[in-house]
Amino acid sequence: MRLIIQDSYDRMSKWVANYIVNSINDFGPTPENPFVLGLPTGSSPVGTYRELVKLVKSGKVTFDNVITFNMDEYVGIEEGHLESYHSFMRKNLFEHIRMPLENINILNGNADDLEEECNRYEKKITALGGIHLFLGGIGPDGHIAFNEPGSSLYSRTRIKTLTYDTRIANSRFFEDDVDQVPKLALTVGVATVTDAKEVILIVNGHGKARALHKIIEEGVNHMWTASALQLHPKSMIVCDVDATAELRMETVRYFRDIEKDNLDPGKIL
Ligand code: GLP
């Protein structure tokens, strides 16, 4: 696992956006061989999306041959609801870039048969040959997508009951009223994420410091589901300095040291 520490949220966001653009361009996607990208919601990736939009608009990359799969969606709120993940993605990324609508995949939390919807999603990912790069964030309890503490690390796309902690954390998007936060969500599983050829997590802010310590410095544990990344052959966490507050100095020094000669993807663009 690589740990990339950036000085600020903005630098972290630029780093990740540039890395994604380089990955797409190095791959050279075509209609027959598209680049498959997994995407998260939440406040963490907002800056990355803002930078991606700039890079698309300045002609550094095109999403014409990129197929996206979002991680999760609430159950039972309308797609057009301001806080649905469909709306989030439209507002933060899709309405700003040119991309074939049929290349955008987001779970349907209003499907008649939710289980069938989850199976359909997994099958579609498999039929495309898997996800090339899965971008994610983490919750303050170290969850990835909506894989709450205690989720199986072998889990696949399914219906999940949200923990009270997650609903409180997300109530900031629902007028600070936890009762308005849906109790259920559809989410890709931990294994759906770790099956991707490459996984990148964006972790920022002091509020994520404990989770970052748990997922990097402690063992693989289903109570901190993002720790599953430790078993992945090509995973990377890109964080800001604030998020490193609970890491051992030795850990920070080690990762800074091994990364110092690596090329910053921002310098390539
Ligand atoms: C939700 C999402 C996760 C996201 C997490 C953290 O639980 N399902 O995918 O990583 O929130 O959100 P934020 O980035 O706003 O802290």
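Each chain has its residues counted from 1, following the order in which its sequence is written. A pLDDT threshold of at least 70 governs which residues receive local features in this predicted model, and a stricter bar of 80 or more applies before side-chain atom pairs are shown or counted, although totals over entire chains, interfaces and linings include all residues. Values shown for side chains rest on all heavy atoms present in the structure; no hydrogens or waters enter the calculation.

Help me understand the sheet that holds strand β8 (residues 184-187), please; the structure alone is not making it clear to me.
Across a sheet, paired strands are connected by hydrogen bonds in the backbone, their directions being either parallel or antiparallel. What makes two strands pair is DSSP finding at least two bridges between them. Only runs of H or I of at least four residues qualify as helices and only runs of E of at least two qualify as strands under DSSP, and these elements are numbered from the N terminus. With antiparallel pairing, the three strands of this open sheet are ordered in space as β4-β8-β7. Taken across any chain shown, the strands that pair with only one partner, and hence form the sheet edges, are β4 (72-74) and β7 (158-161). Each strand axis lies, on average, 30 degrees off the axis of its neighbour in the sheet, ignoring direction. Bridge count for β7 against β8 is four bridges, and the pairing is antiparallel. When the sheet's bridge partners are listed, isoleucine 159 is paired in β8 with leucine 186. The contact definition used throughout considers only heavy atoms, calling two residues in contact when any of these lie within 4.5 Å. Every axis in this analysis is a line fitted to C-alpha atoms, fitted for helices over the stretch in contact. Angles between the N-to-C directions lie between 0 and 180 degrees. Of the strands in this sheet, β7 and β8 touch helix α4 (residues 114-127), which is tilted by about 125 degrees from β7.

Explanation requested: helix α3 (residues 85-92) in the structure shown.
Each turn of an α-helix holds 3.6 residues, which means side chains three or four residues apart point in the same direction. Accessible area is worked out with a 1.4 Å probe on protein chains only. A residue is then buried under 20% of its type maximum, exposed over 50%, and partly exposed in between. Burial within α3 is extensive, with six of its eight residues counted as buried. For α3, the complete set of buried residues consists of Tyr85, His86, Ser87, Phe88, Met89 and Asn92.

So what exactly am I meant to see when it comes to the pattern of salt bridges here?
When the charged atoms of two side chains with opposite charge come close together, those side chains can pair. Between Lys or Arg on one side and Asp or Glu on the other, a salt bridge is scored when a side-chain nitrogen of the former is within 4 Å of a carboxyl oxygen of the latter. Under the definition given, this model contains twelve salt bridges. The partner of glutamate 259 in a salt bridge is arginine 2, and the shortest N-O contact between them spans 2.7 Å. Placement of glutamate 259 in helix α8 (residues 249-259) and of arginine 2 in strand β1 (residues 2-6) is noted, with a sequence separation of 257 residues between them. Among the residues examined, arginine 2 registers a relative accessible area of 28% and is labelled partly exposed. A salt bridge links lysine 54 to glutamate 51, with the shortest nitrogen-to-oxygen separation between them at 3.2 Å. Of this pair, lysine 54 and glutamate 51 are both found in helix α2 (residues 46-57), three residues apart, which corresponds to roughly one turn of the helix. Here the residues in one salt-bridge network are Glu122, Arg156 and Asp195, joined through shared partners.

What's the story with a negative patch on the surface in this structure? I'm lost.
Within the patch definition used here, like charges are joined within 9 Å and nonpolar side chains (Val, Leu, Ile, Met, Phe, Trp, Tyr) within 5 Å, considering only residues with over 30% relative accessible area and no salt bridge. In this description, accessible areas are obtained by the Shrake-Rupley approach with a 1.4 Å probe, and a residue is regarded as covered only by the protein chains that are shown. Here the positive residues are Lys and Arg and the negative ones are Asp and Glu; neither His nor the chain ends is included. By convention, the point assigned to a charge is CZ for Arg, NZ for Lys, CD for Glu and CG for Asp. The grouping of Asp112, Asp113, Glu115 and Glu116 at the surface amounts to a negative patch. With respect to the helices, strands and loops of the structure, aspartate 113 is situated in the loop between β5 (104-105) and α4. For aspartate 113, a relative accessible area of 44% corresponds to the partly exposed category.

Before we go on, may I ask you to explain the packing of aromatic side chains in this structure?
We describe a pair of aromatic rings using the distance from one ring centre to the other and the angle between the two ring planes. Two aromatic rings, drawn from Phe, Tyr or Trp (for Trp, its six-membered ring), form a pair once their centres lie within 6.5 Å of each other, and the interplanar angle then sorts them: stacked below 30 degrees, edge-to-face above 60, tilted otherwise. A complete count under the given rule lists nine aromatic pairs for this structure. Pairing phenylalanine 27 with phenylalanine 35 gives two aromatic rings, centres 5.4 Å apart and planes at 75 degrees, and the pair type is edge-to-face. Judged by its relative accessible area of 4%, phenylalanine 35 is buried. Ring geometry for tyrosine 74 and phenylalanine 174: centres 5.7 Å apart, planes at 85 degrees, overall edge-to-face. Within this pair, whereas tyrosine 74 is found in strand β4, its partner phenylalanine 174 is found in the loop between α5 (164-170) and β8, the two being separated by 100 residues in sequence. The same class applies to tyrosine 74 and to phenylalanine 174, which are both buried.

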